[in-house]
Amino acid sequence: MPPMVPQTGIGSSASDALSMRLWPWRHRFDIALALSVFAMVWLAMLVGVATPVPGDNIEQLTWVRSLEWGYYKHPPVATWLLWLPSRLFGLSAWTSYATGAAVVMASMAMFWHLLLQARGRAYATVALLTVLCITYYNGRLQIYNHNVALMPFVVASAWLCLKAFKERRLGWWAGLGLVLGLGALAKYQIAVTGLSLIAFWLQQRAWRDPLHRLGLALAVLLASLVFAPHVLWLQEHDFGPIHYAIDSSLGARLSLGERSFDSLHWVLDQLFKRALPGWVMLALVIAKLRRDRRRGRCGADGAEASPGDATRTLIWCWGVLPLLFMPLVGMMFGSDLQSHWGTPFLLFAVPALMEFFPQHLWEQVDTAHMRRTFLVIQCLLLAVTCVSELRRVDASRDEVTSVDSLSVAARAALGGPIRVVIGPAKEAGALSLQLAEHPLVLMAGSYENSPWIQRSLVAQCGAVELIPSSIARDGEPMQGQFAGLSWRIVKPVLGDASGSLNVVHQ
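Residues numbered from 1 in each chain as written. Predicted model: local features only at pLDDT ≥ 70, side-chain atom pairs only at ≥ 80, totals over all residues. Heavy atoms only, no water.

The helix and strand tally for the protein stands at 19 helices and 5 strands. With the model as given, the accessible surface of the protein reaches about 23300 Å², and the carbon-plus-sulfur share is 63%. (Helix = DSSP H or I, 4+ residues; strand = E, 2+ residues; numbered from the N terminus. Areas by Shrake-Rupley, 256 points an atom, 1.4 Å probe, with all protein chains shown as cover.)

This is the structure we're talking about:
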């Protein structure tokens, strides 16, 4: 292995000194470039197999029409992050794909930087390549939702927490509070990270230190101030996202047997399905290290981390506690645990496992072998994902024909462009993306849940309405992903600006 930092002797030239100063930036650039190539390859494959736009992406592309302090299902940060890209590049599926991939790769870059500062470049690189083999971060890279938006805040909170304890500065505590507040605006599951922070704070006996007592209080205060506008919004909107969470998953009230099975299944799904390619990657790296040690190719053992190492404790708090807390919630409250809830947290399980091995071991990794192993695993994942996605592709030709005929007939009936689509949120949003005008979506006819639409718009401009075919008497049936739905025209009521939906159907 080359030395961690270029060495300069007594006769070093000015160029050698400059090279030493630029060394960290060269490797940061290499990591940024590698992550960019990784994202482009995976997105090209995922989009190239012509899979339908994920429902979560459609949801965000619908909501981004209006910046709010909350939406009927979730807090707002995921939608805020999409706002600028959608203004620069337009409302398209590709905009949501690129935004989601950018957020995930930014989280990976921060993750690498955290481990670089805490454990060194070799350790950080092994962890990063292993994490990139976890299927959340490759085969789901085109999906953009609140779990993805939470990722950078979970990683940033770990980095800021470590800085706050090691450098003992209130500024880092203030930054941690801001990040936790923004994380709460991304998804309420930031509470899991809050528990990791409290566990680390208690393990370090931080209550004995006045600075850390003040720091924690400052972080809680700032997080509360950042989150406060959303609390006011919740009060004004009857706590809609809270009711949605309870009605959809948290309040499932599974029986004792069901919750036991569901909790066990969630843990096994995270560790032995989602993370399995990562464990294979790590096992192959360790096997190569052991072979090299037996053949005498590795150097002498380096310094070992002490048992009381704060970095090790922090990694375990961020990497182990979430995987224990989620099943505990399922067991206690009978919640229906969703597999994608592990997206913001599972990456820390990799360094948590690496901490059980001697720290000097990672400095002796054969980097060429590690990169080859990574590329082989990625090629296999690409092939498997491509085959599985192709099997799920719908008959897109019939779907495109159905949408084309709808657009022509609807424009003729409305006497102009389609301004509004009314119907179920996912299907209406998908139809909006496929129409040239990208009309606004009135989700299930609810103006309260669709604040981007004025009540007078439908009365003035009319709309296309999607309704179940089983109850449609005057609708035209649709195909493909819209199968089971029919469409009909809501004609404008001239001179009526009241916004009432008591309008004429054609």
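Anyway, onward from the coordinates.
The next point concerns the pairing of strand β1 (residues 420-423). Of the two faces of β1, the one lined by Val420 and Ile422 and the one lined by Val421 and Gly423 are each fully buried. Since β1 and strand β2 (residues 440-443) lie parallel, the crossover through helix α18 (residues 425-434) that links them has a hand, and here it is right-handed. Sheet analysis places β1 next to strand β3 (residues 463-468), joined by 2 bridges and oriented parallel. Its bridge partner lying in β3, Val421 is registered against Val464. (Buried < 20%, exposed > 50% of the residue type's maximum accessible area, 1.4 Å probe, protein only. Right-handed = clockwise from strand over helix to strand, strands pointing away. Pairing = 2+ DSSP bridges.)

Turning our attention to the packing of aromatic side chains. The final tally for this structure, using the stated rule, is 14 aromatic pairs. Between Phe111 and Phe348, the aromatic rings sit 5.5 Å apart at their centres with planes inclined by 85 degrees, giving edge-to-face as the arrangement. Residue Phe111 is located in helix α4 (residues 93-119), and its partner Phe348 is located in the loop between α14 (321-333) and α15 (349-354); the two are separated by 237 residues in the primary sequence. Taken individually, Phe111 and Phe348 each receive the classification buried, so the pair is uniform in this respect. One aromatic cluster in this structure is built from Trp63, Tyr71 and Tyr72. (Phe/Tyr/Trp six-rings, centres within 6.5 Å; stacked < 30°, edge-to-face > 60°.)

Moving on, we get to the nonpolar core. Formed by 142 residues in total, the largest nonpolar core has its most connected members in Met108, Tyr137, Trp318 and Leu431. With 14 residues, helix α6 (residues 146-167) is the largest single contributor of residues to this core. (Core = buried A, V, L, I, M, F, W, Y, C linked by side-chain atoms within 4.5 Å.)

As a further point, take the pattern of salt bridges. A full pass over the atoms with the stated rule returns 12 salt bridges. Across the salt bridge formed by Glu465 and Arg488, the nearest N and O atoms sit 3.1 Å from each other. Residue Glu465 is found in strand β3, and its partner Arg488 is found in strand β5 (residues 485-490); the two are separated by 23 residues along the sequence. On the basis of relative accessibility, which here comes to 17%, the residue Arg488 falls in the buried class. Residues joined by salt bridges that share partners form a network here, namely Arg119, Asp309, Arg312 and Glu355. (Salt bridge = Lys/Arg side-chain N within 4 Å of Asp/Glu carboxyl O.)

All right, on to helix α2 (residues 55-63) then. For α2, the tally of buried residues reaches 7 of 9 residues, placing the bulk of the element in the interior. What α2 keeps buried is the set Asn57, Ile58, Glu59, Gln60, Leu61, Thr62 and Trp63. On the buried face of α2, the contacting elements are α3 (77-89), α4, α6, α18 and β2. (Contact = heavy atoms within 4.5 Å.)

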